[in-house]
Amino acid sequence: MADVVLKVEDIHKSYGKLEVLKGIFFELKRGETKVIAGPSGAGKSTLLRCINLLTKPDKGRVWLENVELTDPKVNINKLRARIGFVFQHFNLFMHLTAIENVMIGPIKVLKLPKEEARRRAEEALLRVHITEDLWNKYPAQLSGGQQQRVAIARALAMNPVIILYDEPTSALDPELVGEVLQVMKELATQKVTSLVVTHEIGFAISVADELMFMYGGKIIEKGPPREVVYNPKHEATKKFFANIARLYGKQGA
């Protein structure tokens, strides 16, 4: 149990009569990368938001290491600072430069001195291949791929226990997707614990320790990515991945 970073137990979430999550269970160990795939409306993004309590689940519990996030008595803001979150649409502050976007969390949340925050920000930006000539540019001066890499650097600078990615490439032009996926692959090989919602199945096949397939508010199938993609057991999974084998070939990415 000591190596389990994230534990999700029986998470439910409804909006009115619409039941979005119908009992989600899984664990994520330190250094693992797990990918969640599934059709739109399956509840993938809602699940991520429930994990760090941006959305409060109706039922169920979530643990970060050995602390229960869903316990009403915990300081959720303090714990949330240990969870990196990379959004689909970057969510950078447009009035701050790239390096200022990465520094703000360590300064405001972790209360680090400005010099230490800048050192962390510089290291994080270099890890995602944002070179020094881009540090003082504003988001509007950067490509979408560069903006998303700054967003990943922002998460890394907080020294998080885990990073959650919510479809991090879906808002990018096709030619920019690769540069973001490459950074994510490098972080995975560096054993940065990650939970990734994505449709990039080639990424899942080449990087993920496990692929979880969500359908109708539940995880209906999970296992080694190649097994889930090429030999799915559930009919809904088969239908979803019907074109994937033809797209990537049997060898995968």
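Scroll up to find the structure this text is about.
What counts and what doesn't
- Residues numbered from 1 in each chain as written.
- Predicted model: local features only at pLDDT ≥ 70, side-chain atom pairs only at ≥ 80, totals over all residues.
- Heavy atoms only, no water.
- Pairing = 2+ DSSP bridges.
- Helix = DSSP H or I, 4+ residues; strand = E, 2+ residues; numbered from the N terminus.
- Axes fitted to C-alpha atoms, helices over the stretch in contact; angles between N-to-C directions.
- Expected span 1.5 Å × (residues − 1).
- Contact = heavy atoms within 4.5 Å.
- Buried < 20%, exposed > 50% of the residue type's maximum accessible area, 1.4 Å probe, protein only.
- Salt bridge = Lys/Arg side-chain N within 4 Å of Asp/Glu carboxyl O.
- Phe/Tyr/Trp six-rings, centres within 6.5 Å; stacked < 30°, edge-to-face > 60°.
- Lys NZ or Arg CZ within 6 Å of the ring centre and 35° of its normal.

*Asks:* Just give me the short version of the sheet that holds strand E3 (residues 33–37), but keep the residues and values in it.
*Replies:* With respect to topology, six strands assemble into an open sheet ordered E6-E7-E8-E3-E9-E10, the strand pairing being mixed. Two strands bound the open sheet, and with one partner strand each, they are strand E6 (83–86) and strand E10 (218–223). The mean angle between the axes of side-by-side strands here comes to 20°, regardless of whether they run parallel or antiparallel. Bridge count for strand E9 (residues 210–215) against E10 is five bridges, and the pairing is antiparallel.

*Asks:* Residue-level account of helix H4 (residues 114–127), with values.
*Replies:* Between its first and last C-alpha, H4 extends 20 Å over 14 residues, near the 20 Å set by a 1.5 Å rise per residue. Buried residues along H4 sit against helix H3 (98–108) and helix H5 (144–156).

*Asks:* Can you break down unusual backbone geometry residue by residue, with the values?
*Replies:* Even without glycine at this site, leucine 53 takes up a positive phi of about 60°. Within the secondary structure, leucine 53 sits in the loop between helix H1 (44–51) and strand E4 (59–64). Phi at phenylalanine 90 takes a positive value of approximately 70°, unusual for a residue other than glycine. Mapping phenylalanine 90 onto the fold places it in the loop between E6 and H3. On the accessibility criterion, phenylalanine 90 (12% relative accessible area) is buried.

*Asks:* I'd like a description of the pairing of E9, backed by residues and values.
*Replies:* Look at any regular strand and the pattern is simple: side chains alternate between the two faces of the sheet. Of all six residues that make up E9, five are buried, and the element is covered over most of its length. For E3 and E9, the ladder comprises four bridges, and the chain directions are parallel. For valine 35, the partnering residue across the bridge sits in E9 and is leucine 211. The hairpin formed by E9 and E10 contains two residues between the paired strands, and glycine 216 there has a positive phi angle of roughly 60°.

*Asks:* Tell me about the pairing of strand E1 (residues 4–15), residues and numbers included.
*Replies:* Looking at chain direction, E1 and strand E2 (residues 18–29) are connected through nine bridges and run antiparallel. When the sheet's bridge partners are listed, leucine 6 is paired in E2 with leucine 28. Counted along the chain from E1 to the antiparallel partner E2, the turn is two residues long, and its residue glycine 16 has a positive phi close to 65°. Where E1 and E4 come together, five bridges link them in antiparallel fashion. Considered in E4, the bridge of histidine 12 is made with lysine 59.

*Asks:* Could you give an account of the pattern of salt bridges, with specific residues and numbers?
*Replies:* Applying the stated rule across the entire model yields 16 salt bridges. Its salt-bridge partner being lysine 7, residue glutamate 9 comes within 4.0 Å of it at the nearest N-O pair. Residue class for lysine 7 comes out partly exposed when judged on its relative accessible area of 22%. A single salt-bridge network, built from bridges that share partners, covers Asp3, Arg30, Glu65 and Arg82.

*Asks:* Provide a residue-level description of the packing of aromatic side chains, including the pertinent values.
*Replies:* Enumeration over the complete set of coordinates arrives at four aromatic pairs. Each ring, one from phenylalanine 213 and one from phenylalanine 240, has its centre 5.1 Å from the other, and the planes form 55°; the classification is tilted. Here the residue phenylalanine 213 occupies a position in strand E9, and phenylalanine 240 occupies one in helix H9 (residues 235–240), the gap between them amounting to 27 residues. On the basis of relative accessible area, phenylalanine 213 is assigned to the buried category, the value being 0%. Where phenylalanine 213 meets phenylalanine 241, the ring centres are 5.6 Å apart and the plane angle is 55°; that geometry is what we call tilted. Highlighted residues: phenylalanine 213 in strand E9 and phenylalanine 241 in the loop between H9 and helix H10 (244–248), separated in sequence by 28 residues. Of the residues examined, phenylalanine 241 reaches a relative accessible area of 3% and is grouped as buried. Through pairs of rings, three or more aromatic residues link up here, namely Phe213, Phe240 and Phe241. Between lysine 7 and the ring centre of tryptophan 63, over which it is positioned, the NZ or CZ distance is 5.1 Å. Residue placement shows lysine 13 over the ring face of tyrosine 15; its charged tip is 5.3 Å from the ring centre.

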